[in-house]
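Notes for the structure review
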Amino acid sequence: MTSKQLLLSDLVAGMSCVPSNYIRPTYDRPNFHEVESFDGAIPLIDLQSLNGPTRSDIIKEIGLACQNYGFFQVSNHGISEAVIDKMLHISREFFHLPESERVKNYSDDPMKTMRLSTSFNLRTENVSSWRDYLRLHCHPLEDYMQEWPSNPPSFREVAAEYCTNARGLARRLLEAISESLGLEKEYIDRALGKHGQHMAINYYPPCPQPDLTYGLPGHADPNVITILLQDDVPGLQVLRNGKWVAVNPIPYTFIVNIGDQIQVLSNDRYKSVLHRAVVNCDKERISIPTFYCPSPDAVIGPAPQLIDIDHAHYRNFAYSEYYEKFWNRGLATETCLDGFKSSHP
Ligand code: OGA
Ligand code: NI
């Protein structure tokens, strides 16, 4: 029993208490009794007519959701149930592989383009989070696929098909979001340089004391937009008017949220909203966010058309600078955006 488990999944079996390094201070706990849970917590937008005569109505809906919630769910998004089922299935299979097989992919270096890791960033954080995760870079696919796990044997093929589909959806949404801001359809596409796409497969094991810890503490996503696929176990919560609201899964829909880069591009018209993942006593949970992002060399700043009599709220910066800051500062509830404000009065 002297060997140290690298991953949470291999540590938890038979555990009846949360280890002390996972316990949050009393002022920073999930407080389940204060969390609201109701259908329609975030808007559900049907994308069926996005390419039809009523496109402008859907764009309006998307714009309102980005402005008022920072989050929405999408149906009729063009990704087949088979692609979704296969991706969830292969992810579960991966996390159920024997420890010796999984740890071949382990690293705690956040700059690695492929790694299986745990919590958020063990090198900088004080309290750990109840999560293991596999992180992959996915664009361009041919540059990264060969470093992905080769076990389960169909992992690369299934994940690649999923990534291609998710990228298509992200790009359709970015066109719609550009238009909703009154910009040309291709504005955001062009602002992202060569584009980037990362994916996490989050694995949250059952937890003996879910009220003491988080799967992921409150954070805003540093990228452009996130497209989240989750299984049927609830866990995601979104901050709305100062209250945490549970977003319960609807099968075969995706949850979309605005990341920090859209907040910058839109000069604060759209907000990158805090969200978190909580865990539960008896069910493992899998969630698969696609983080669509600029390429590291892309220079991001407010769109000139959205700098009104007001001023640019942010300075221009290379996405690589932002990304490193995000990983190095630890998942603080204060947004990473603060270090990128413009110096105007
Ligand atoms: C994330 C995230 C939420 C979830 O990985 O950035 O917010 O429900 N995940 O797992
Ligand atoms: Ni997130």
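Our structure is the block above this text.
This section reports on the structure supplied with the text. Model, not experiment: these values are computed from the prediction. (Residues numbered from 1 in each chain as written. Chains lettered and ligands numbered in written order. Predicted model: local features only at pLDDT ≥ 70, side-chain atom pairs only at ≥ 80, totals over all residues. Heavy atoms only, no water.)

As for the sheet that holds strand 13 (residues 285–293)
One open sheet holds the eight strands; their spatial order is 2-3-11-8-13-6-5-4, and the pairing between them is mixed. Two strands in the sheet have a free side with no partner beyond their single neighbour: strand 2 (44–46) and strand 4 (114–118). Strand-to-strand twist in this sheet, taken as the mean axis angle between neighbours without regard to direction, amounts to 25°. In the sheet, strand 2 pairs with strand 3 (residues 71–75) via three bridges, with the strands oriented parallel. Counted as the bridge partner of Ile45 is Val74 from strand 3. Together, strand 3, strand 5 (132–137), strand 6 (196–204), strand 8 (225–230), strand 11 (254–258) and strand 13 form the strand contacts of helix 5 (residues 155–180), whose direction differs from that of strand 8 by roughly 135°. (Pairing = 2+ DSSP bridges. Helix = DSSP H or I, 4+ residues; strand = E, 2+ residues; numbered from the N terminus. Axes fitted to C-alpha atoms, helices over the stretch in contact; angles between N-to-C directions. Contact = heavy atoms within 4.5 Å.)

Focus on unusual backbone geometry
Both trends apply: most residues other than glycine have a negative phi, and most peptide bonds are in trans. The omega torsion across His139 and Pro140 is -5°, close enough to zero to call that bond cis. By the element assignment, Pro140 lies in the loop between strand 5 and helix 4 (141–144). With omega at 0°, the peptide bond leading from Asn151 into Pro152 counts as cis. Its identity as a non-glycine residue notwithstanding, His195 has a phi of 70°, on the positive side. Structurally, His195 can be placed in the loop between helix 6 (187–191) and strand 6. Classification of His195 as buried rests on a relative accessible area of 7%. Non-glycine residue Asn267 carries a positive phi angle of around 50°. Topologically, Asn267 is positioned in the loop between helix 7 (260–265) and strand 12 (275–277). Its relative accessible area of 3% is what places Asn267 among the buried residues. (Buried < 20%, exposed > 50% of the residue type's maximum accessible area, 1.4 Å probe, protein only.)

Here's the deal with the pairing of strand 10 (residues 243–246)
Looking at chain direction, strand 1 (residues 36–37) and strand 10 are connected through two bridges and run parallel. Bridged to Ser37 within strand 10 is Ala246. Pairing analysis gives four bridges linking strand 9 (residues 236–240) to strand 10, with the strands arranged antiparallel. Bridge assignment links Arg240 to a residue of strand 10, and that residue is Lys243. Where strand 9 folds back onto strand 10 in an antiparallel hairpin, the turn is made up of two residues, including Asn241, whose phi is positive at roughly 45°.

Some details on the coordination of the nickel ion (ligand 2)
Bound to the nickel ion (ligand 2) are the protein donor atoms His219 (NE2), Asp221 (OD) and His275 (NE2), situated 2.1 Å from the metal. Considered as a linear motif, the donors of the nickel ion (ligand 2) on their single chain read H-x1-D-x53-H. One end of the pair, Asp221, is in the loop between strand 7 (216–219) and strand 8; the other, His275, is in strand 12, with 54 residues separating them in the sequence. Residue classification places Asp221 among the buried positions, given a relative accessible area of 4%. A residue is classified by how much of its surface remains accessible, and His275, at 6% relative accessible area, is buried. (Donors = N, O, S within 2.8 Å, 3.2 Å for Na, K, Ca; no water.)

Quick notes on the site of ligand 1
Contacts to ligand 1 come from 13 residues, most closely from Tyr204, His219, His275, Arg285 and Ser287. The contact in question runs from an oxygen atom of ligand 1 to an N or O atom on the side chain of Arg285, over 2.8 Å. When the free accessible area of ligand 1 is taken as 290 Å², the share hidden by the protein chains comes to 95%. Sort the elements by how many residues they give to the shell around ligand 1 and strand 13 lands first, with four residues. Of the residues belonging to the shell around ligand 1, the class tally is seven nonpolar, four polar and two charged. (Near = heavy atom within 4 Å. Polar contact = N/O pair within 3.5 Å; in protein donor to acceptor, adjacent residues only side chain to side chain. Areas by Shrake-Rupley, 256 points an atom, 1.4 Å probe, with all protein chains shown as cover. Nonpolar A, V, L, I, M, F, W, Y, C, P; charged D, E, K, R; others polar.)

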